[in-house]
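# Residue-level structural notes
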Amino acid sequence: SQTIHQWPATLVQPVGSPLSLECTVEGTSNPNLYWYRQAAGRGLQLLFYSVGIGQISSEVPQNLSASRPQDRQFILSSKKLLLSDSGFYLCAWSVLEDTQYFGPGTRLTVL
Amino acid sequence: SQELEQSPQSLIVQEGKNLTINCTSSKTLYGLYWYKQKYGEGLIFLMMLQKGGEEKSHEKITAKLDEKKQQSSLHITASQPSHAGIYLCAVGTSYGKLTFGQGTILTVHP
């Protein structure tokens, strides 16, 4: 069966510091991968999606970037964090445009 | 772009009561998803509806898509504390991307 992992689970970082969040998927090949951010425990905003290695599409201009160095690995990064980057970051995978399945999330607090 | 509006925004019920959450779209829905989230955790997929008039059930949760495919409802029968959480509807767009409603926070008092 398929499994999705996110690391770390929680993170507290100072403003201006770099960021690297990792998402890995097991049990499937060539998945579509997605990064979402959830603010205030409500609706999710799509940040990036990827349909293959090295293929990244950005949905909103921001201080973040994403990379997909391997088929089942998706990384969310920032060179310098802002206060507004705080939130709950969720990674998801799907087979083509089928149902998305979500990871456990990373709670990021920028101080 | 397609927008989803959920109502109510929050709901407090006594255990054992029935409840309904609505999700209304600004455009025709071609694939409507329901997810549940416990605070601080990832989303759990509940159901996906595609056809007008379609109805699906999972345990005590039933989701329906109206004939015009612009509104979906999620109904919970005999609610339990385990049903508490945030319920989110979402619609699929290109490349499988999802657009979410703002969520409905459900509290169930024992």
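The structure reproduced in this document is the subject of the present report.

Parameters and conventions
Residues numbered from 1 in each chain as written. Chains lettered and ligands numbered in written order. Predicted model: local features only at pLDDT ≥ 70, side-chain atom pairs only at ≥ 80, totals over all residues. Heavy atoms only, no water. Helix = DSSP H or I, 4+ residues; strand = E, 2+ residues; numbered from the N terminus. Rg over C-alpha atoms; globule rule 2.2 N^0.38 Å. Buried < 20%, exposed > 50% of the residue type's maximum accessible area, 1.4 Å probe, protein only. Contact = heavy atoms within 4.5 Å. Areas by Shrake-Rupley, 256 points an atom, 1.4 Å probe, with all protein chains shown as cover. Lys, Arg positive; Asp, Glu negative; His and termini not counted. Charge placed at Lys NZ, Arg CZ, Asp CG, Glu CD. Pairing = 2+ DSSP bridges. Axes fitted to C-alpha atoms, helices over the stretch in contact; angles between N-to-C directions. Buried area = accessible area lost by both parts, 1.4 Å probe. Salt bridge = Lys/Arg side-chain N within 4 Å of Asp/Glu carboxyl O. Polar contact = N/O pair within 3.5 Å; in protein donor to acceptor, adjacent residues only side chain to side chain. Nonpolar A, V, L, I, M, F, W, Y, C, P; charged D, E, K, R; others polar.

Another aspect to go through is the overall build of chain A. A count of helical and extended segments in chain A gives zero helices and 11 strands. Against the 2.2 N^0.38 benchmark of 13 Å for 111 residues, chain A shows a C-alpha radius of gyration of 13 Å, consistent with a compact globule. By its C-alpha atoms, chain A is 35 × 25 × 20 Å across when sized along the principal axes. Of all 111 residues assigned to chain A, the portion counted as buried reaches 48%. At a minimum sequence separation of 6, the contacts of chain A that also span at least 24 residues come to 54%. Of the roughly 5200 Å² of accessible surface on chain A, a fraction of 54% belongs to carbon and sulfur atoms. With 7 positive and 7 negative side-chain charges, chain A shows a separation of 11 Å between the mean positions of the two kinds.

Moving on: the sheet that holds strand β7 (residues 65–70) of chain A. Residue and element names in this part refer to chain A. Taken in spatial order, the four strands make up an open sheet running β1-β3-β8-β7, and their pairing is antiparallel. The two strands at the open ends of the sheet, each matched to only one other strand, are β1 (3–7) and β7. Direction aside, neighbouring strands of the sheet carry axes that sit 20° apart on average. The pairing of β7 with strand β8 (residues 73–78) spans four bridges and is classified as antiparallel. Bridge pairing in β8 links Ser67 to Ile75.

Turning to the interface of chain A and chain B, a few remarks are in order. In this assembly, 23 residues from chain A lie in contact with 23 residues from chain B. Summing both sides of the interface, chain A and chain B together bury roughly 1800 Å²; the carbon and sulfur share of this comes to 54%. At the boundary of chain A with chain B, the tally comes to one salt bridge. Here A:Glu59 makes a salt bridge to B:Lys97, at a shortest N to O gap of 3.2 Å. Seen at the junction of chain A and chain B, the total is five residue pairs in polar contact (both at pLDDT 80 or more). Mapped onto the side of chain A that touches chain B, the elements with two or more residues apiece are β4 (32–38), β5 (44–52), β9 (87–94) and β10 (101–102) of chain A. Tallied by class, the residues present in the side of chain A that touches chain B amount to 11 nonpolar, seven polar and five charged.

Taken by themselves, the reported measurements are silent on function.
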